Structure formats: C-alpha cells, structure tokens
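# Architecture at a glance
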Amino acid sequence: MEIERKYLVSSEALPKDLETYPFRMIEQGYLCTDPVVRIRKDNEQYFLTYKSKGLMVREESNLPLSKEAYLHLKTKIDGRIISKKRYMIPFADTYVIELDIFLEELAPLILAEVEFPDENRANKFVPPAWFGEDVTFSSDYHNSTLSKRDCN
C-alpha cells in the first residue's frame, strides 16, 4: 500500500542547500496506464511496478528486473520516457521528502512527495512553507499521466 501526498514546488522555493542531500537519477516508462504498469531504472537498479487506481492511497507492487529485461521492455512503452533527479530530504524527524526535478520535455516541473504509514497521518500532514499547491487529488500529476502529456 502506498499512501502519499504530492505538491508542486517552484524552482525559486527550493531549499538553498539542496545539493547537500542524496539524490538518485530515475528513468521510467509505462507499458500500460490503466492499470498502471511501469518500468523504472533507479540509478543502476531496475524494476517493474504495478499500481492500482487511486489518488492518495494505492496498491503498489514492485518486482526486480535485469538491465537486459528493462532495455527490452523500454522499446515497448507508450508515451515518453520520464527522466528526473530525485532528492531525498529528511523532514520533521519522521518523514522523507522525495523531491523530483523533472528533466528534458517535462522540465521545469518539480514535485515533492511524502509517504505516510497511514491515512490519518497523511490527512494531518502540514507541509513545509516552501511547498506549493497540493496536487495529491489530481491525477494530472501522476507520472503515468505525465508520460502521455503533450508538452507543446
């Protein structure tokens, strides 16, 4: 089960010390968007993921892939490959902000996600001041939707 809140972030609002936090380079594509079946390269690890319907709460299952399987499936995706730099920023001694800075066609989009152990904590979450609009309940900001969005 994945329980997360998602926020837009302005580039002007980013933490000044952003480069001091660990980050990963992510590349992902979608074999299907209904239901969501995604392939992902996360640094040098590879995964196949299934996600159920939903906005703040969704089922999620991950399976490891070999590099060869990832490269084979990459030729079969629908839409664009999404590339992003994901920073991992500790917050409030309890949470980790996953800050995604999208690259290439989706730049300058920046999204922050915070995962929670239960819906109650997700609903009570007070984001830091540098977060922008809460887009948790908008499927427009699901990566599966962004993979199909026209950037022109």
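Below or above, wherever it landed, is the structure these notes cover.

Calculation notes
Residues numbered from 1 in each chain as written. Predicted model: local features only at pLDDT ≥ 70, side-chain atom pairs only at ≥ 80, totals over all residues. Heavy atoms only, no water. Helix = DSSP H or I, 4+ residues; strand = E, 2+ residues; numbered from the N terminus. Phe/Tyr/Trp six-rings, centres within 6.5 Å; stacked < 30°, edge-to-face > 60°. Lys NZ or Arg CZ within 6 Å of the ring centre and 35° of its normal. Buried < 20%, exposed > 50% of the residue type's maximum accessible area, 1.4 Å probe, protein only. Pairing = 2+ DSSP bridges. 1 Å grid on protein atoms, 1.4 Å probe; cavity = no way out; pocket = protein on both sides within 12 Å on 5 of 7 lines; lining within 4 Å. Points joined across faces, edges and corners; volume = space filled by probe spheres on them. Nonpolar A, V, L, I, M, F, W, Y, C, P; charged D, E, K, R; others polar. Patch = residues over 30% accessible without salt bridge, like charges linked within 9 Å, V, L, I, M, F, W, Y side chains within 5 Å. Areas by Shrake-Rupley, 256 points an atom, 1.4 Å probe, with all protein chains shown as cover. Salt bridge = Lys/Arg side-chain N within 4 Å of Asp/Glu carboxyl O.

### As for the environment of Gly-132
The residue Gly-132 is located in the loop between α2 (119-124) and α3 (143-146) in this model. Taking the C-alpha atoms as reference points, Gly-132 and Lys-6, separated by 126 residues in sequence, lie 9.7 Å from one another.

### Examining the packing of aromatic side chains
What the rule picks out here adds up to nine aromatic pairs. Judged by centre distance (5.6 Å) and plane angle (55°), the ring pair of Phe-23 and Tyr-87 falls under tilted. Here the residue Phe-23 occupies a position in strand β2 (residues 23-33), and Tyr-87 occupies one in strand β7 (residues 78-91), the gap between them amounting to 64 residues. Above the plane of the ring of Phe-23 lies Lys-85, whose end atom (NZ or CZ) is 4.2 Å from the centre.

### Some words on the pairing of strand β1 (residues 2-8)
Summarising burial for β1: seven of the seven residues are buried, a large majority. Burial of the side chains of β1 extends over both faces: Glu-2, Glu-4, Lys-6 and Leu-8 are buried on one face and Ile-3, Arg-5 and Tyr-7 on the other. Pairing between β1 and strand β5 (residues 57-58): two bridges, direction antiparallel. Bridging from a neighbouring strand, Glu-2 pairs with Arg-58 of β5. The sheet contact formed by β1 and strand β9 (residues 110-115) spans five bridges and is antiparallel. Within β9, the position partnered with Lys-6 by the bridge is Glu-113.

### Details of the layout of surface pockets
By volume, the largest pocket amounts to about 310 Å³. If you go around the largest pocket, you meet 24 residues; those closest to its centre are Glu-2, Arg-38, Arg-40, Lys-51 and Glu-60. Counting residues per element, the ones that place at least two in the lining of the largest pocket are β1, β2, β3 (36-42), β4 (45-51), β6 (60-65), β7, β9 and α3. The leading source of residues in the lining of the largest pocket is β3, at four residues. Residues that form the lining of the largest pocket fall into these classes: three nonpolar, six polar and 15 charged. Its volume calculated, the second largest pocket comes out at about 200 Å³.

### Considerations on a nonpolar patch on the surface
On the surface, Phe-23, Met-25 and Leu-103 cluster together into a nonpolar patch covering about 240 Å² of accessible area. We classify Phe-23 as partly exposed; its relative accessible area is 38%.

### A short note on the pattern of salt bridges
A side chain with one charge may pair with a side chain of the opposite charge, provided their charged atoms come close. The final tally for this structure, using the stated rule, is 14 salt bridges. Two residues, Asp-134 and Arg-5, come together in a salt bridge whose shortest N-O distance is 2.3 Å. In this pair, Asp-134 is assigned in the loop between α2 and α3 and Arg-5 in strand β1, connecting sequence segments 129 residues apart. Here Lys-41 and Glu-44 are joined by a salt bridge, their closest N and O atoms 3.7 Å apart. Overall, the relative accessible area of 56% leaves Glu-44 in the exposed class. By sharing partners, the salt bridges in this structure join Lys-84, Arg-86, Glu-98 and Asp-100 into a single network.

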